[in-house]
Amino acid sequence: MTRKRVGVLISGRGSNLEALIEACKAPGYPAKIVLVVSNVPGAQGLARAEASGIPTLIINHKDFASREDFDAALDGALQGAQVELLCNAGFLRLHTEGFVRSWWNRHLNIHPSLLPAFKGLHTHARVLDEGVKISGCTVHFVRSEMDCGPIVAQAAVPVLVRDTPDSLAARVLEAEHRLYPHALRLVASGAVHVEGERVVGMTQIRDQPAIFSPPLDEGFD
Ligand code: GAR
């Protein structure tokens, strides 16, 4: 089996990167991480990659006069490492149209909401403000608009009555750590692909019971 060469872009903590690193250790996993790039010097995720012997690079957006120049440097580094698939894992910069085009359908992002709801920042606080009862996370192919693009996979979690943005973030993050390796496996193995801006493929989506939040029996026992 040839493993797809994966590049990961980060800006911070790198817990999703860590989940991908762990997944890639499994025999038979169809991807391996060959480069981690951070736009933030000292990002915690860099140390996680180094601890696993994965090459890292800092490309600081502040060192570039324009978004185009920054993305060109990013693109050059990824091509240099012969990256075939790109994963944004907490990479908090918008890409230029040219960059998005050059990685079209080879570029994934994870976002901590059930897209297309709650794109952008401060997701969990906005979910709580709206009184939403089920939230979750999404892995999708990257398009030019923020947190947009064909959806590969989603996971749902309940929003609890006493949730704070932090407690909800922690519950969603746990799901993210399982979802991202799952989605990358689907894409890297060729099990799914994009057709007409939808992700389709060989995976069977099993019929499962609906998730109710609050549960149906709440308060009526
Ligand atoms: C994750 O929750 C990820 O979904 C989010 O940033 C966090 C990064 O955490 N990404 C976005 O909000 C993208 N719009 P991590 O650095 O520990 O993986």
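Residues numbered from 1 in each chain as written. Predicted model: local features only at pLDDT ≥ 70, side-chain atom pairs only at ≥ 80, totals over all residues. Heavy atoms only, no water.

> Looking at this model, I keep getting lost on the environment of L57. Mind explaining?
Tracing the sequence through the fold places L57 in strand β3 (residues 56-58). Counting along the chain gives 20 residues from L57 to A77, while the straight-line C-alpha distance between them is 8.5 Å. Those residues within four positions of L57 in sequence are excluded, and the remaining contacts are L35, V36, V37, S38, L46 and A77. (Helix = DSSP H or I, 4+ residues; strand = E, 2+ residues; numbered from the N terminus. Contact = heavy atoms within 4.5 Å.)

> Is there a simple way to explain the site of the ligand in this structure?
The environment of the ligand is made up of R13, G14, S15, N16, G90, I110, H111, P112, D147, L173 and E176. The separation between an oxygen atom of the ligand and a polar side-chain atom of S15 is 2.5 Å. E176 places a polar side-chain atom, nitrogen or oxygen, 2.6 Å from an oxygen atom of the ligand. Coverage of the ligand by the protein chains reaches 87% of its 450 Å² of free accessible surface. When atom positions are compared with the pocket grids, the ligand is found to occupy the second largest pocket. Every element with two or more residues in the shell around the ligand is listed here: α1 (15-24), β5 (107-111) and α6 (165-188). Among the residues forming the shell around the ligand, the class breakdown is 3 nonpolar, 5 polar and 3 charged. (Near = heavy atom within 4 Å. Polar contact = N/O pair within 3.5 Å; in protein donor to acceptor, adjacent residues only side chain to side chain. Areas by Shrake-Rupley, 256 points an atom, 1.4 Å probe, with all protein chains shown as cover. 1 Å grid on protein atoms, 1.4 Å probe; cavity = no way out; pocket = protein on both sides within 12 Å on 5 of 7 lines; lining within 4 Å. Sits in = over half its atoms within 2 Å of the grid points. Nonpolar A, V, L, I, M, F, W, Y, C, P; charged D, E, K, R; others polar.)

> Explanation requested: the environment of P116 in the structure shown.
By secondary structure assignment, the location of P116 is in the loop between β5 and α5 (123-130). On the basis of relative accessible area, P116 is assigned to the exposed category, the value being 63%. The sequence separation of P116 and I134 amounts to 18 residues, and the corresponding C-alpha distance is 14 Å. (Buried < 20%, exposed > 50% of the residue type's maximum accessible area, 1.4 Å probe, protein only.)

> What is the right way to look at the packing of aromatic side chains in this model?
For any two aromatic rings, the description comes down to two numbers: the centre-to-centre distance and the angle of the planes. Applying the stated criterion to the full structure yields 2 aromatic pairs. Judged by centre distance (5.9 Å) and plane angle (65 degrees), the rings of F64 and F70 are edge-to-face. With 6.4 Å between their ring centres and 35 degrees between their planes, F99 and W103 make a pair best called tilted. For the residue pair F99 and W103, the accessibility class agrees, reading buried in each case. Positioned above the aromatic ring of F70, the side-chain terminus of R93 is 5.9 Å from the ring centre. Lying across the ring of W104, R143 places its NZ or CZ 3.6 Å from the centre. (Phe/Tyr/Trp six-rings, centres within 6.5 Å; stacked < 30°, edge-to-face > 60°. Lys NZ or Arg CZ within 6 Å of the ring centre and 35° of its normal.)

> I keep staring at the pairing of strand β1 (residues 4-10) and nothing clicks. Help me out?
As a general feature of sheets, a regular strand has side chains that alternate between the two faces. Here β1 lies mainly inside the structure; 5 of its 7 residues are buried. Across 7 bridges, β1 lies against strand β2 (residues 31-38) in parallel orientation. Its bridge partner lying in β2, R5 is registered against K32. Crossover β1 to β2 through α1 is right-handed. Pairing of β1 with strand β4 (residues 85-88) involves 4 bridges; the strand directions are parallel. (Pairing = 2+ DSSP bridges. Right-handed = clockwise from strand over helix to strand, strands pointing away.)

> Explain helix α2 (residues 44-51) here, please?
Note that an α-helix has 3.6 residues per turn; residues three or four places apart therefore point the same way. Those residues of α2 lying buried are G45, L46, R48 and A49. Seen along its axis, α2 keeps its buried residues to an arc of 160 degrees; they face one direction. Looking one or two places after α2, you find G53, whose phi comes out positive at around 75 degrees. (Arc of directions from axis to C-beta.)

> Even after reading the chapter, I still don't get the pattern of salt bridges, so can you show me in this structure?
Between side chains of opposite charge, pairing is possible as soon as their charged atoms come close. Scanning the entire structure with this criterion turns up 5 salt bridges. Across the pair R143 and E197 runs a salt bridge, and its minimum N-O distance is 2.8 Å. Placement of R143 in the loop between β6 (134-141) and β7 (151-158) and of E197 in the loop between β8 (192-195) and β9 (198-201) is noted, with a sequence separation of 54 residues between them. Note on E197: relative accessible area 42%, which makes it partly exposed. For D163, the salt bridge identified is with R171, shortest N-O distance 2.7 Å. What makes R171 partly exposed here is its relative accessible area of 23%. (Salt bridge = Lys/Arg side-chain N within 4 Å of Asp/Glu carboxyl O.)

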